Amino acid sequence: MLKFLKGVVGSAAGGIKDLPYSIGDPYAASWGSWTHCQGTSKEDNSPVSIFSFTASGAQDGRLAPARNGVKRLRTVRHPNVLSFLHSTEVEGMEGKITIYVVTEPVMPLAEKIKDMGLIDTQRDEYFAWGLHQVSKAVSFLNNDCKLVHGNVCLSAVVVTPALDWKLHAFDVLAEFDGANPEASGPMLQYEWLVGSQYKSLEFAKADWALIRKSPQYALDAWGLGCLIYELFSNTNLAKTEDLRNTAPIPKNLLPDYQRLLSSQPSRRLNPSKLIENSDFFQNKLVETIQFMEVLNLKDSVEKDSFFRKLSTLVEQLPRQIVLKKILPMVASALEFGSAAAPALTPFLKMGAWLSQDELTSKVVPTIVKLFASTDRAIRASLLQNIDQYGNAFPSQLLDEQVFPHLATGFSDTSALLRELTLKSMLILAPKLSQRTITGSLLKHLSKLQVDEEPAIRTNTTILLGNIAGLLNDSTRKRVLINAFTVRALRDGFAPARGAGIMALTATSQYYDVVEIATRVLPSLVNLTIDADSDVRTKAFEATETFLQLVRKHHNKQLEDGVSPSDNASILPVATSGLLGWAVSSLKTKAPDLPSQTSGTLSTVSSEPIAATAAAAPSVEHHQPARQPSTSLSEDFFDSVADDQRADDERDGWDDMEDSAAATATPSLSRIQAAQQRPIASAPLPSHANTNGPEQITTGATVARQASKTQVSDDEDPWAEIAAPPPSTKPRAVVSTQSRVRQGQHVSLGAMGLGGAGRGRGRSSAAPMKLGAQRVTKPPP
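Each chain has its residues counted from 1, following the order in which its sequence is written. The predicted origin of the model limits local features to residues at a pLDDT of at least 70 and limits the giving and counting of side-chain atom pairs to 80 or more, whereas totals for whole chains, interfaces and linings rest on all residues. Only heavy atoms go into the side-chain values, all of them from the structure, while hydrogens and water stay out.

### Quick look at the overall build of the protein chain
Applicable threshold: Numbering goes from the N terminus for both helices and strands, where a helix is a DSSP run of H or I of at least four residues and a strand is a run of E of at least two. Any two residues having at least one pair of non-hydrogen atoms within 4.5 Å are treated as being in contact.
A tally of helices and strands in the protein chain yields 29 helices and 10 strands. For the protein chain, the share of sequence-separated contacts (at least 6 apart) that also reach a separation of at least 24 residues comes to 71%.

Below, the structure is given as structure tokens:
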């Protein structure tokens, strides 16, 4: 017995091993003698359906009809007919023959209806769509191909994953022999396979002469009536007399149902007329899908009108059909360009109903392709709805395929697209790699911080404050204070200065006590006399916050008995969350305001999220001496300060005097720092400019000249911030312009500068030696 079982299993395995598909679990029911199983492709693991039929031998009468069904399925091609993929015939033990037919993945209609659980109107709408598809398939066979299916019923219909209905079970299928009405033999060779409950009166009597004289659709029209009864009665037809029970049939379908089941074959309703004239098919679901199927034939006005209504319409349709049928159709239309930007709204709305995994697999691939579109309306719609799908992007996909296309929006000529691209980073930045943030994103943000639109400059500052936690320590040290104090706090737009104060406060945990005392507080104190009252209020609050931090640090050092210079780190201040966007929209353009105006624009709303948020002035401050920097970033941002000063003068800020320039006498700390440097014996150079007033090369100019050899003029000025080259050149600690005003000759060596530089309106200077130099006054 054991040997026999091994032989059976071995024989079956040997026959199926040539089938490039794996057979899975069977479904509960199938048509005729066929077994319907789930399956997968061995090549790519894609799902399929596998129908199998086993004959006892070559003499089995069912074998010929099964082979006929395979042949017909292979040759008949129609969107509503089951798609054939592969077939094979295997001879097994004791002469048994098994036929395997592989098709697209489907499941029996009866099981699918039970799984969906639709009721009332939604059930009728879905049945209307399914019957519409089956009727088209039957009409194609009868009217176009002159074929007769012979057994249209519930078990002859299967459903795809997209919830489309497909006709199959072609074992009885044959040509309509209407040209030979005198023939007495059966027109359907395998008519004995059809159950008696599905046979019309003439079919049951085998009146082939009458059948041949009748229309070619007469038999299948009766079958459609049987299918309608089984659908709405939710049971299989047991006997022909049950068809007289019309209680389950919808009233708007009843007249057509009765005509399909007419006792006279010549009076039965043609399936094509059923599709065209029945009121039952006039519903929102059928009309929506039909419109999508012929979308390419519609003009732009019809498309726009349809998609604007679709967002509301999908809420009224069966949710399962919307997600499995309509959503893929809209996605395909967007990918291939037959749908315009209005289609994105219902597309993303439907996508929001999916689970996170389904959203990633069904919606994200389409969005990735759309980001490469040059249609600004599509790009704007994608960015406006970024919160609906942004978190579904896999990090690698976002980094490699989406961000390169999305980044073009940073430099778009449309201010609205620049703003939307900027705001999208609040959601997408956490998924970007550190290399993309540092090497690309910061460069774009650097340009946006000097954008011509004040709203964009303001929101760029806020974004920097919100993504500060994503930067590494070295990048934060080089970027944050420079971006907030050098640019944001000196902006001519009051909300931009307020945003700079909020950003400083929200990122206070990233600054040590030296940076707070020497860079943050001087900038904030300047803004306590700002022309805008809101900026002043925020400046006072932020100043108090940072002073408390310095005071706590001082007290802690006293308690620990440690010198303040030994440990400059401080405890971070608690913040209440992300900064909110300060400027809501660019639809109403907000022009730059000069510092003399008080108040803010009515179109600008400030939304501080940090509990201790505050804002800062556009007045330059005097910074104390520091040790020579080993990075070009600090010197670089001094050059940015020079550029910003010139921009401020054009914006009406030239009437404010630089507090550092007004101080002529160097502080004690500067003198001590200069005394610690070696004294050079080089002669004092002269700095003459024949084209204008005498000017002196500064550390910012040197840094700018150094960076010029690495970065072209049109590249982002934050290239050095992203990857600063090493440098041992010290920077200036004394305002040279103030000394020139007092008639003093200043040695570059005394300021710790060396090498030539280039600046705006400045002459180049010969290389200087480091060290303190003698400062001489010209004779009176």
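Structure shown, so let's carry the discussion forward.
### Some remarks on the packing of aromatic side chains
Rules: The criterion for an aromatic pair is that two Phe, Tyr or Trp rings (for Trp, the six-membered ring) have centres within 6.5 Å, with stacked assigned to planes under 30 degrees apart, edge-to-face to planes over 60 apart and tilted to the rest. Buried, partly exposed and exposed residues are distinguished by accessible area as a fraction of the type maximum, computed with a 1.4 Å probe on protein chains only: under 20%, between the cut-offs, and over 50%, respectively. A ring is scored as having a charge over it whenever the NZ atom of a lysine or the CZ atom of an arginine sits within 6 Å of its centre and within 35 degrees of its normal.
For the coordinates displayed, the defined rule picks out 11 aromatic pairs. Ring geometry for Phe127 against Phe232: centres 5.4 Å apart, planes inclined by 85 degrees, an arrangement best described as edge-to-face. Of the two residues, Phe127 sits in helix α4 (residues 120–144) while Phe232 sits in helix α7 (residues 218–233), which places them 105 residues apart along the sequence. Accessibility expressed as a relative area gives 3% for Phe127, which makes it buried. The exposure class assigned to Phe232 is buried, which follows from its relative accessible area of 5%. Against the face of Phe203 rests Lys199, its NZ or CZ located 5.2 Å from the ring centre.

### Regarding the sheet that holds strand β1 (residues 21–26)
Worth spelling out the cut-off: Two strands form a pair only when DSSP identifies at least two bridges running between them. Axis definition: a line fit to C-alpha positions, over the contact stretch in the case of helices; interaxial angles, taken between N-to-C directions, run 0 to 180 degrees.
Reading across the sheet, the 5 strands line up as β1-β2-β3-β5-β4 and stay open at both edges, with antiparallel pairing between neighbours. In this open sheet, the two edge strands, each paired with only one partner strand, are β1 and β4 (84–91). Averaged over all neighbouring strand pairs, the angle between strand axes comes to 30 degrees, with direction disregarded. As paired strands, strand β3 (residues 47–55) and strand β5 (residues 97–103) are joined by 7 bridges and run antiparallel to one another.

### A short note on the packing of α4 against α7
For clarity, the threshold we go by: To sort the angles, those under 35 degrees are grouped as roughly parallel, those over 145 as roughly antiparallel, those from 65 to 115 as roughly perpendicular, and the leftovers as oblique. In this scheme the crossing of two helices becomes right-handed for a clockwise turn of the near helix relative to the far one and left-handed for an anticlockwise turn of less than a right angle. Gly falls in the polar group here, along with every residue not listed as nonpolar (Ala, Val, Leu, Ile, Met, Phe, Trp, Tyr, Cys, Pro) or charged (Asp, Glu, Lys, Arg).
The interhelical angle for the contact between α4 and α7, taken along N-to-C directions, is 165 degrees, at an axis separation of 11 Å. Put simply, α4 runs roughly antiparallel to α7. For the pair α4 and α7, the crossing hand works out as right-handed. On the side of α4, the interface is formed by Arg123, Asp124, Phe127, Leu131, Val134, Ser135, Val138 and Asn142, while α7 contributes Asp220, Leu224, Leu227, Ile228, Leu231 and Phe232. For the contact of α4 with α7, the residue count by class is 9 nonpolar, 2 polar and 3 charged.

### Brief notes about the confidence of the model for the protein chain
To be explicit about the condition: Every residue is assigned a pLDDT by the predictor, reflecting its confidence on a scale from 0 to 100.
Model confidence for the protein chain is summarised by a mean pLDDT of 76, while 69% of its residues fall at 70 or above. Predicted confidence for residues 570–576 stays below pLDDT 50, and this span has 19 contacts to residues more than four positions away or in other chains.

### Points about the environment of Lys96
Position of Lys96 among the secondary structure elements: in the loop between β4 and β5. In the structure, Lys96 is positioned 42 residues away from Thr54 in sequence and 6.9 Å away in space, judged by C-alpha atoms. Among all residues touching Lys96, those that are not within four sequence positions of it are Ala55, Ser56, Val90 and Glu91.

### Let's talk about the sheet that holds strand β9 (residues 165–167)
Pairing is antiparallel across the open sheet formed by 3 strands, whose spatial order is β6-β8-β9. The open sheet is flanked by β6 (107–108) and β9, the only strands paired with a single partner. In the sheet, β6 pairs with strand β8 (residues 157–159) via 2 bridges, with the strands oriented antiparallel. Within β8, the position partnered with Pro108 by the bridge is Val158.

### Quick notes on the side chain of Thr485
For Thr485, the location among the structural elements is in helix α21 (residues 473–487). In this structure, Thr485 is in contact with Arg490, Leu504, Arg519 and Ser523, ignoring residues within four places of it in sequence.

### Section: the pattern of salt bridges
Stated formally: Salt bridge criterion: a side-chain nitrogen from Lys or Arg within 4 Å of a carboxyl oxygen from Asp or Glu.
Counted by the stated rule, this structure contains 22 salt bridges. One salt bridge connects Lys349 with Glu315, and the closest N-O pair in it is separated by 2.3 Å. Residue Lys349 is located in helix α13 (residues 344–351), and its partner Glu315 is located in the loop between α11 (300–313) and α12 (319–335); the two are separated by 34 residues in the primary sequence. In this structure, the salt-bridge partner of Glu335 is Lys369, at a minimum N-O distance of 3.0 Å. Of the two residues, Glu335 sits in helix α12 while Lys369 sits in helix α14 (residues 356–371), which places them 34 residues apart along the sequence. Its relative accessible area of 29% is what places Glu335 among the partly exposed residues.

### Some details on unusual backbone geometry
Phi angles above zero are rare outside glycine, and Asn45 is one such case at about 65 degrees. Note on placement: Asn45 falls in the loop between β2 (35–41) and β3. Taking the relative accessible area as the measure of exposure, Asn45 reaches 58% and is therefore exposed. With a phi close to 55 degrees, Glu94 is a non-glycine residue in the positive phi region. Of note, Glu94 is situated in the loop between β4 and β5.

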